[in-house]
Amino acid sequence: MAPSTSSVITLHINGEKYTLPVDHRTTLLDALRERLDLTGSKKGCDQGQCGACTVLLDGRRAVSCLQLAVAAEGREITTIEGVADGDRLHPVQQAFLDLDGYQCGYCTPGQICSALGVIEEHAAGWPSAVTADVRPEAGAPPLSADEIRERMSGNLCRCGAYVSIVQAVARAAEAQAGEARTAKSEEAAA
């Protein structure tokens, strides 16, 4: 008897559960776009080089064109459709809008998901290739333009909106850091 080439899987996407049969070779990107009509993640190169399909898997960045859907079962998947809080844009989305961090918009969903991952990685103290002092006790380096460029380097923008993208990530990171400081102050006062 030949082994099965398909499975029924349950994906946890943007706080919802989706159960669907998939061929074992189906990428997460194709499952999202073709099977679940979550078309925010874009198919750019289909080789993991452009970042247009970037989503968050358990809070970490992943190019969904290289991730098999069956391997994503049981993990928390966040797509661009799950970033906003209802009608309230996430600070990263708002910064992209305010600072024109997009032109044609094709890469924007992947850029925004990647920016979310970048901000979390930086806040956790993860170094990048341009971080001068990578010792754990050094803590997170300042989130400079060079740091942002290096951390976002896996996401390409054919329109060349990079200057605005870097500014948007910096603004969003500062906004999130300010919210965290406010939450800590309120917690300490309680």
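Quantities reported herein were computed from a predicted structural model and do not represent experimental measurements.

A.B. asks: Just to check I follow, could you spell out the nonpolar core for this structure?
C.D. replies: Generally speaking, a soluble globular protein has its nonpolar side chains buried in company with each other. Counting 25 residues, the largest nonpolar core has Val92, Phe96, Met152, Ile165 and Val169 as the members making the most contacts within it. Residue assignment for this core shows that the elements contributing at least two residues are helix H2 (91–98), helix H3 (108–123) and helix H5 (162–189). If you look at the next biggest cluster of nonpolar residues, it comprises 16 residues, including Leu11, Ala31, Leu57 and Ile77.

A.B. asks: Is there a simple way to explain the packing of H2 against H3 in this structure?
C.D. replies: Axes are the key here: two packed helices are described by the angle between their axes and the distance separating the axes. As a packed pair, H2 and H3 sit with axes 10 Å apart at the nearest point and diverge in direction by 125°. When the interaxial angle is binned, H2 and H3 end up oblique. In the packing of H2 onto H3, the handedness of the crossing is right-handed. Where H2 approaches H3, its residues Val92, Gln93 and Phe96 are matched on the opposing element by Thr108, Gln111, Ile112, Ala115, Leu116 and Ile119. Grouping the amino acids of the contact of H2 with H3 by side-chain chemistry returns six nonpolar, three polar and no charged.

A.B. asks: When you look at the pairing of strand E1 (residues 6–13) in this model, what are you seeing that I'm missing?
C.D. replies: Remark: a regular strand shows side chains that alternate across the two faces of the sheet. The pairing of E1 with strand E2 (residues 16–23) spans eight bridges and is antiparallel. Across the sheet, the residue bridging to Val8 is Pro21, located in E2. Counting the residues between successive antiparallel strands, the hairpin from E1 to E2 contains two residues, one of them, Asn14, with a positive phi of roughly 50°. Note that E1 and strand E5 (residues 76–78) share two bridges and pair parallel. Bridging across to E5, Ile13 finds its partner in Ile77.

A.B. asks: Looking at this model, I keep getting lost on the environment of Leu156. Mind explaining?
C.D. replies: Mapped onto the elements, Leu156 comes out in the loop between helix H4 (145–151) and H5. Separated by 15 residues in the primary sequence, Leu156 and Pro141 place their C-alpha atoms 24 Å from one another. Residues contacting Leu156, with those up to four places away along its chain left out, are Gln49, Cys50, Cys107, Gln111 and Tyr162.

A.B. asks: Quick question: what am I supposed to make of the side chain of Arg151 here?
C.D. replies: Examined against the element boundaries, Arg151 turns out to sit in helix H4. Of the residues examined, Arg151 reaches a relative accessible area of 6% and is grouped as buried. Residues in contact with Arg151, not counting those within four places in the same chain, are Arg61, Val118, Glu121, His122, Trp126, Pro127, Ser128, Thr131, Pro141 and Leu143.

A.B. asks: I keep staring at H3 and nothing clicks. Help me out?
C.D. replies: Spanning 16 residues, H3 covers 22 Å between terminal C-alpha atoms, matching the ideal 22 Å at 1.5 Å per step. Judged by how many residues are buried, H3 sits mostly within the fold: 14 of 16 residues are covered. Gly125 lies just past H3 and shows a positive phi near 90°.

A.B. asks: How do you make sense of the sheet that holds E5 when you look at a structure like this?
C.D. replies: Paired through their backbone hydrogen bonds, the strands of a sheet run either parallel or antiparallel. A sheet is described by the order of its strands in space; here five strands give the open sequence E2-E1-E5-E3-E4, paired in mixed fashion. In this open sheet, the two edge strands, each paired with only one partner strand, are E2 and strand E4 (60–63). Strand-to-strand twist in this sheet, taken as the mean axis angle between neighbours without regard to direction, amounts to 40°. Strand direction decides the pairing type here: strand E3 (residues 54–57) and E5, joined by two bridges, are antiparallel. Residue pairing across strands places Leu56 opposite Thr78, the latter belonging to E5. Running at roughly 40° to E3, H3 makes contact with E3, E4 and E5 of the sheet.

A.B. asks: Is there a simple way to think about the pattern of salt bridges in this case?
C.D. replies: Should the charged atoms of two oppositely charged side chains come close, the side chains can pair. Under the definition given, this model contains ten salt bridges. The residue Arg171 makes a salt bridge to Asp98 at a minimum N-O spacing of 3.8 Å. In this pair, Arg171 sits in helix H5 while Asp98 sits in helix H2, placing the two residues 73 residues apart along the sequence. Here Glu137 makes a salt bridge to Arg135, at a shortest N to O gap of 3.3 Å. Note on Arg135: relative accessible area 46%, which makes it partly exposed.

Basis of the calculations
- Residues numbered from 1 in each chain as written.
- Predicted model: local features only at pLDDT ≥ 70, side-chain atom pairs only at ≥ 80, totals over all residues.
- Heavy atoms only, no water.
- Core = buried A, V, L, I, M, F, W, Y, C linked by side-chain atoms within 4.5 Å.
- Buried < 20%, exposed > 50% of the residue type's maximum accessible area, 1.4 Å probe, protein only.
- Helix = DSSP H or I, 4+ residues; strand = E, 2+ residues; numbered from the N terminus.
- Axes fitted to C-alpha atoms, helices over the stretch in contact; angles between N-to-C directions.
- Parallel < 35°, antiparallel > 145°, perpendicular 65-115°, else oblique.
- Left-handed = near helix turned anticlockwise from the far one by under 90°.
- Contact = heavy atoms within 4.5 Å.
- Nonpolar A, V, L, I, M, F, W, Y, C, P; charged D, E, K, R; others polar.
- Pairing = 2+ DSSP bridges.
- Expected span 1.5 Å × (residues − 1).
- Salt bridge = Lys/Arg side-chain N within 4 Å of Asp/Glu carboxyl O.

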